Amino acid sequence: MSTTFQLDTSTSRAHPTPQPMKRLTVPRIRAKKKDGVTEEPLVMLTAYTARQAQLLDAHCDILLVGDSLGQVIYGLDSTIPVSLEMMANHGAAVVRGSYHSVVVVDMPFGSYEASKEQAFESAAFLLKQTGAAAVKLEGGEAMAETVEFLNSRGIPVMGHVGLTPQAVNVLGGYMARGRSDAEADKIVSDAVALDKAGAFAIVIEGVVEPIAIEATQAVACPTIGIGASAQCDGQVLVTEDMLGMFERVPRFVKKYEDIASVIEKTVASYAQEVRERSFPSEDQTYQPKA
């Protein structure tokens, strides 16, 4: 048996469906900051599934497949247990569900710290498995050489300074960073080191505002704040946090909706109708043909 397919020449061979908008690129994200100024702040949110990516894509510049999926999706206590395979599976789903945003995948704990070569192997695996545009790794000056190594070999890197969740055991918790002069100086120097190493953007997380502003002004690449400052070149939140899926969230989260209560109310209605035998009704069942 043979099957004939009609080739639509208006679509790409890699994605044989009409693309409603052209995907942004890493260089275009990097170029958003000109002469130290980003006219329109970058919008970034986390995404872990194809459907979630579809809903967020048109409104975002960057979709981050964050290792926060460890807590949000898998109910883990931290991001430490997250594996490369978990990141690859969710990253591929987000790429399939998006057409516009640059997709960045977090490199999980233990996948890049040992050496530049380990980092390249892990990053190459993630990009091959997902089709994402870039990876993100945590750490400042200590990771600068690795960032330069990856960047020079065709792997764009987003940096991450300040509160770095993968280092929670060293930091002693999730408290704000930069309150001491020494810690503040390190955050700024970390950002500068990543910028010089070729990072195309840097996440600044959980940093007291004056230091977040100083770090933003000290680097040529865009900074993306989370618990930092509106003066950063962009912002990111965990999508489930800002949608109100969880009762307890960090102080820096603004809940734009209370989706958890909507889900709970909807499921309660469903459960009541099932127990009353009012669902399914004739509209949801198949009847014999007359």
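Residues numbered from 1 in each chain as written. Predicted model: local features only at pLDDT ≥ 70, side-chain atom pairs only at ≥ 80, totals over all residues. Heavy atoms only, no water.

A. Geometry of the packing of aromatic side chains. The final tally for this structure, using the stated rule, is one aromatic pair. Relative to F279, the ring of Y270 lies with its centre 5.8 Å away and its plane at 65°, an arrangement referred to as edge-to-face. When the ring centre of F149 is taken as reference, the NZ or CZ atom of R153 above it lies at 3.6 Å. (Phe/Tyr/Trp six-rings, centres within 6.5 Å; stacked < 30°, edge-to-face > 60°. Lys NZ or Arg CZ within 6 Å of the ring centre and 35° of its normal.)

B. Highlighting a negative patch on the surface. Where like charges cluster on the molecular surface, the negative patch consists of E247, E257, D258 and E264. Mapping E257 onto the fold places it in the loop between α10 (239-242) and α11 (259-276). Judged by relative accessible area, E257 falls into the partly exposed class, the value being 42%. (Patch = residues over 30% accessible without salt bridge, like charges linked within 9 Å, V, L, I, M, F, W, Y side chains within 5 Å. Areas by Shrake-Rupley, 256 points an atom, 1.4 Å probe, with all protein chains shown as cover. Salt bridge = Lys/Arg side-chain N within 4 Å of Asp/Glu carboxyl O. Lys, Arg positive; Asp, Glu negative; His and termini not counted. Charge placed at Lys NZ, Arg CZ, Asp CG, Glu CD. Helix = DSSP H or I, 4+ residues; strand = E, 2+ residues; numbered from the N terminus. Buried < 20%, exposed > 50% of the residue type's maximum accessible area, 1.4 Å probe, protein only.)

C. The packing of helix α6 (residues 141-151) against helix α8 (residues 181-197), seen in detail. Where α6 contacts α8, the axes come no closer than 8 Å and their chain directions differ by 15°. By the angle class used here, α6 and α8 are roughly parallel. In the packing of α6 onto α8, the handedness of the crossing is right-handed. Along the contact surface, α6 presents E141, A144, V147, E148 and N151, while α8 presents S189, D190, A193, L194 and A197. (Axes fitted to C-alpha atoms, helices over the stretch in contact; angles between N-to-C directions. Parallel < 35°, antiparallel > 145°, perpendicular 65-115°, else oblique. Left-handed = near helix turned anticlockwise from the far one by under 90°. Contact = heavy atoms within 4.5 Å.)

D. Spatial organisation of the side chain of D67. With respect to the helices and strands, D67 occurs in the loop between β4 (62-65) and α3 (69-72). Notably, D67 is buried but unbridged: the nearest opposite-charge side chain belongs to K136, and the N-O separation is 5.6 Å. When residues no more than four places from it in sequence are discounted, the contact partners of D67 are T79, V82, M87, D106, E138 and Q166.

E. Summary view of unusual backbone geometry. Between F279 and the following residue, P280, the backbone shows a cis peptide bond with an omega angle of 0°. Within the element layout of this structure, P280 appears in the segment after α11. Backbone geometry places D35, a non-glycine residue, at a positive phi of 55°. Judged by relative accessible area, D35 falls into the exposed class, the value being 82%. Even without glycine at this site, R277 takes up a positive phi of about 60°. Turning to its location among the elements, R277 is positioned in the segment after α11. When its relative accessible area of 76% is taken as the criterion, R277 is described as exposed.

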